[in-house]
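# Inside the fold
Each chain, letter by letter, is given below.
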Amino acid sequence: MVIKTKGLLALFSLFILCCSINAQEQDSTATKDLSEKLNVAKDTVLDTLAIDMQNVEQMDLMDAESDQETPFVLAKDSSRSKYDLKDNALAALYDSLWMRELYEANGLFDEMQEEVVSISASKTIDGNPVATEEELYVYDLPTDSLKARLQKLNEKTPFNVVYNKSLENIIKSFLTRKRGLMERMLTISQFYFPLFEEEFDRHDIPLEMKYLSIVESALNPKARSRVGATGLWQFMYGTGKEYKLDVTSYVDERSDPIKSTKASAQFLSKLYRIFGDWDLALAAYNSGPGNVNKAIRRSGGHRNYWNIRRNLPRETAGYVPAFLATMYIFEYADEHELKGKRADRPYFETDTVHVKSLITFQQISELVGVSEEELMVLNPSYKLKVIPYIEGKNYALRLPKKAMGKFVNNEEQIYAHVKKELASKESPLPKLVKQAEANRIRYRVRSGDFLGKIAERYGVRVSQLKQWNGLRSNNLSIGQRLTIYPRNSGPSVANNKDRSTTSNVKIPAGAKTHTVKSGDSLWTISRLYPGVSIDNLKKWNKLNSSKLKPGTKLKLCECPS
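Residues numbered from 1 in each chain as written. Predicted model: local features only at pLDDT ≥ 70, side-chain atom pairs only at ≥ 80, totals over all residues. Heavy atoms only, no water.

This paragraph deals with the confidence of the model for the protein. Of the residues in the protein, 67% reach a pLDDT of 70 or more, and the chain-wide mean stands at 74. Confidence, read as mean pLDDT per element, is least for helix H23 (residues 490-494) in the protein (35) and greatest for helix H11 (residues 257-275) (95). Within the model, the stretch residues 37-94 combines pLDDT values under 50 with 110 contacts to residues more than four positions away or in other chains. Across residues 121-136, where pLDDT falls below 50, the model places 23 contacts with residues more than four positions away in sequence or in other chains. (pLDDT = per-residue confidence, 0-100. Helix = DSSP H or I, 4+ residues; strand = E, 2+ residues; numbered from the N terminus. Contact = heavy atoms within 4.5 Å.)

As structure tokens, then:
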């Protein structure tokens, strides 16, 4: 394979520049740190971005044309928008990295929940979980060093951080068995933690409380537990309503990062006013104030968490240690060489605008050039990829700041275009609801079935199957019933013996295409072409699976076959 030197040098240069600036900000003389960061940058180029050298060549060709941005224009003689939005190709690669990290974080929730449950199910002595011989994790962390670090944490936080063997085993487990999960959390936390810290500071809540979101949801705003708790902060329906989190057929504000964080801050403040202790407030957040009060009574009036722990619900016995272990790992990540991927530029700058008309993610994507996947990450509270408009309600659209300018500057034309498009359809919003319900099936698990096989058959993700059915693990029982909302009709997928799909459409002469290469996915292809989403590629090419066969030509437009 021939690699264009210019494209590769451009990619390395941007990493070097970002790392240099970051190092200089921290310590202008930190030459050693800078050298280490350059090595990380090199590894990131080869490993993290996960692009092949052919993509680098394409990026280099695009870069020469991407410095100027063409104004957004709506065509007067067409029901569709025509635009020529361009972006810096290398910057778009970083965007795709961060979108992938956030978009694909769904499965981490199940992994974290299983870990908390396993902690609570451990053998106990005097109410404190004790690891069995098989559960002891070998890690180069001297007990004396751990005790000293926990003591420092105890001094700088209002939480009662006390060393015990159980906590040591949990920390070592996280550093070995869950090391990958913790590094993913370090990466994704850069998106959410500034928001959490600002809100907690406003309510005089310890900033370390931000780590609670990792234990609760693994930083997945769409996380849903088996009992129906939803969002980053895992609000039940009733509690969410109590804190004015709107839940309707179209919107679930428990999944809204900003609104749910405000609600969690209010709830935690209330719990602290009740108990006057952040450890007990933490336990009450998980098990409810009533269970904490019972534990206090049963322990003879003790109010220290570690003294009442044996009388708390079993799950809460693992919940607080998991929180403390997470706090330790984040505070001492460098000492344990945990490496999250660093955001060296202000990618996460976003803004909101209240919508003035019902509008779909597909329309927004087509009009301002933001993919539907990115819209889902930035606007997780909208269930059906539709932002409704209801008199007296304020529903907001969150966009990257660059795209927000395009939206606001052309707001009048956008709403006129949306109105014209929606007028040609009958009751678009109810229709979407009916379509989702009509496609719902009840599947009976048969011998030989497993979640991956069923997900592939119906064109959905394993994480979706687990969410729809409240599954905590991948285990299935023969005869078990599953609710599935298939993206594709079952038979057409089930009868496809070759899981690598080819396009089933004829490509007209002159149509823009992409030839699938080894290592390509719908995600990486969509990031190469602004305004093209995964759903677009599937629709335009009549794909019944996300798996692609090298050599396949894909249409990049909705043009006649």
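Structure shown, so let's carry the discussion forward.
For the rest of this paragraph, the subject is the pattern of salt bridges. Enumeration according to the criterion identifies 14 salt bridges in this entry. The partner of Asp252 in a salt bridge is Arg254, with the nearest N and O atoms 2.9 Å apart. The buried category is assigned to Asp252, whose relative accessible area is 6%. On the accessibility criterion, Arg254 (4% relative accessible area) is buried. (Salt bridge = Lys/Arg side-chain N within 4 Å of Asp/Glu carboxyl O. Buried < 20%, exposed > 50% of the residue type's maximum accessible area, 1.4 Å probe, protein only.)

Let us look at the packing of aromatic side chains. Each aromatic ring pair is characterised by the separation of its centres together with the angle its planes make. Under the criterion given, the structure shown has 21 aromatic pairs. Measuring from centroid to centroid gives 5.6 Å for Phe200 and Trp233, while their planes differ by 70°, and the two rings are edge-to-face. A residue pair is termed long-range when its members are at least 10 positions apart, and Phe200 in helix H8 (residues 179-202) and Trp233 in the loop between helix H9 (212-217) and helix H10 (237-242) qualify at 33 residues. Chaining the aromatic ring pairs together yields one cluster made of Phe191, Tyr192, Phe193, Phe196, Phe200, Tyr211, Trp233 and Phe330. (Phe/Tyr/Trp six-rings, centres within 6.5 Å; stacked < 30°, edge-to-face > 60°.)

On to a positive patch on the surface. Together, Arg442, Arg444, Arg446 and Arg481 give the surface a local cluster of positive charge. With respect to the helices, strands and loops of the structure, Arg442 is situated in strand S7 (residues 441-444). Residue classification places Arg442 among the exposed residues on the basis of a relative accessible area of 52%. (Patch = residues over 30% accessible without salt bridge, like charges linked within 9 Å, V, L, I, M, F, W, Y side chains within 5 Å. Areas by Shrake-Rupley, 256 points an atom, 1.4 Å probe, with all protein chains shown as cover. Lys, Arg positive; Asp, Glu negative; His and termini not counted. Charge placed at Lys NZ, Arg CZ, Asp CG, Glu CD.)

Right, let's get into H11. For H11, with 19 residues, the first-to-last C-alpha span of 27 Å sits near the 27 Å given by 1.5 Å per residue. Among the residues of H11, Pro257, Ser260, Thr261, Ala263, Ser264, Ala265, Phe267, Leu268, Ser269, Leu271 and Phe275 are the ones counted as buried. The inward-facing, buried residues of H11 abut H8, H9, H10, helix H12 (278-287) and helix H13 (289-298). Between the side-chain oxygen of the N-cap and the backbone nitrogen of Ile258 there are 3.0 Å, and the N-cap of H11 in question is Asp256. Once H11 finishes, Gly276 follows within two positions and takes phi at roughly 65°, a positive value. (Expected span 1.5 Å × (residues − 1). Polar contact = N/O pair within 3.5 Å; in protein donor to acceptor, adjacent residues only side chain to side chain.)

Moving on, we come to the packing of helix H6 (residues 143-156) against helix H7 (residues 165-176). One can describe the packing of H6 onto H7 by two numbers: an axis separation of 12 Å at closest approach and a directional angle of 100°. When the interaxial angle is binned, H6 and H7 end up roughly perpendicular. Contacts between H6 and H7 involve Thr143, Leu146 and Leu150 from the former and Leu167, Glu168 and Ile171 from the latter. Grouping the constituent residues of the contact of H6 with H7 by class yields four nonpolar, one polar and one charged. (Axes fitted to C-alpha atoms, helices over the stretch in contact; angles between N-to-C directions. Parallel < 35°, antiparallel > 145°, perpendicular 65-115°, else oblique. Nonpolar A, V, L, I, M, F, W, Y, C, P; charged D, E, K, R; others polar.)

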